[in-house]
Amino acid sequence: MRLLIVEDEKHLAEAVKELLKKENYVVDVFYDGQEGLDNALTDIYDLILLDIMLPSVDGLEILKIIRKEGIKTPVLLLTARNQINDRVKGLDLGADDYLSKPFAQEELNARIRAILRRKGDITTTSEMVFHDITLDYNSLTLSCRNKNISLTLKESELLQFLITRKNMITPKELLIEKLWGFNSDAEDNNVEVYISFLRKKFKYLNCETSIKTTRGLGYSLEVIHV
Ligand code: CA
């Protein structure tokens, strides 16, 4: 789970980040509204914690723009006690919940869990299917007809993303962002390594699904009839 925090109170933002990292979330923090917006628009996050009063672009404007762009990432607004109008506006603009500052750690954790649970309700299964393969991203199992094989967490995350994109080509940069995050020192060839692991597993399963490389563009799933 990758979380985005857009909050200009640096101490608060960093404290929340540390707290959420302890809960095993991957967390990116931006203090500026425009930077927060640009990153929210990449659509790589599972949840956005959004402050309202921000430099350059305020939180409600960010919310309005991302919803207009069709980004459905759940948003938890971080509001000051006296911002009742803003809370109402925020919920009307498509925020999922709000939390008044200052808040207790336990409450933040509980609200995040509740939002992610609701989000999870839309897809009640942990299985994803593409042609003849089925990925169970909870048990990290990839199966094809009656054969199955275990995946590592990174392999599963990579394959989940490719399945979500169906036949679309996924640029390598997007995979790096999604799997390792911004400012990570992961080299491009890390992606290649995981792609090659997955290809070996596809081969073992003897499935008709394979990963196609389009040189200079990226990767996509394709069906090979043998
Ligand atoms: Ca603020």
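**Student:** An account of the pattern of salt bridges is needed here, citing residue identities and associated values.
**Tutor:** On inspection of all chains with the given rule, the structure shows 14 salt bridges. The partner of Glu7 in a salt bridge is Lys101, with the nearest N and O atoms 2.9 Å apart. You can see Glu7 sitting in the loop between β1 (2-6) and α1 (10-22) and its partner Lys101 sitting in strand β5 (residues 97-101), a full 94 residues away along the chain. Using a relative accessible area of 1% as the deciding quantity, one classes Glu7 as buried. The exposure class of Lys101 is buried, given its relative accessible area of 13%. A single salt-bridge network, built from bridges that share partners, covers Glu7, Glu9, Asp51 and Lys101.

**Student:** Describe the packing of helix α2 (residues 33-40) against helix α3 (residues 59-68), naming the residues involved and giving the relevant values.
**Tutor:** Across the interface, α2 lies against α3 with an axial gap of 10 Å and an inter-helix angle of 20°. Classed by the angle they form, the pair α2 and α3 counts as roughly parallel. Seen along the crossing, α2 lies across α3 with a hand that is right-handed. Side by side, α2 and α3 meet where Gly33, Leu37 and Ala40 of the first sit next to Ile62, Ile65 and Ile66 of the second. For the contact of α2 with α3, the class distribution of residues is five nonpolar, one polar and no charged.

**Student:** Any details on the domain arrangement of the chain? Residues and values, ideally.
**Tutor:** In many analyses, interface size is given as the accessible surface area lost on bringing the parts together. Domain annotation for the chain reports domain 1 (2-119) and domain 2 (127-223). Computed from C-alpha atoms alone, the centre-to-centre distance between domain 1 and domain 2 is 29 Å. Of the residues lining the interface, six residues belong to domain 1; the matching set on domain 2 comes to seven residues. Buried surface at the junction of domain 1 and domain 2, both sides included, amounts to about 530 Å², of which 53% is carbon and sulfur. Area buried by domain 1 at its contact with domain 2 is led by Arg2, Thr42 and Ile44, which between them contribute 71% of it. Across the contact surface, domain 1 and domain 2 share zero salt bridges. Residues that form the side of domain 1 that touches domain 2 fall into these classes: two nonpolar, two polar and two charged.

Calculation rules
Residues numbered from 1 in each chain as written. Predicted model: local features only at pLDDT ≥ 70, side-chain atom pairs only at ≥ 80, totals over all residues. Heavy atoms only, no water. Salt bridge = Lys/Arg side-chain N within 4 Å of Asp/Glu carboxyl O. Helix = DSSP H or I, 4+ residues; strand = E, 2+ residues; numbered from the N terminus. Buried < 20%, exposed > 50% of the residue type's maximum accessible area, 1.4 Å probe, protein only. Axes fitted to C-alpha atoms, helices over the stretch in contact; angles between N-to-C directions. Parallel < 35°, antiparallel > 145°, perpendicular 65-115°, else oblique. Left-handed = near helix turned anticlockwise from the far one by under 90°. Contact = heavy atoms within 4.5 Å. Nonpolar A, V, L, I, M, F, W, Y, C, P; charged D, E, K, R; others polar. Domains from an automatic or database assignment. Buried area = accessible area lost by both parts, 1.4 Å probe.

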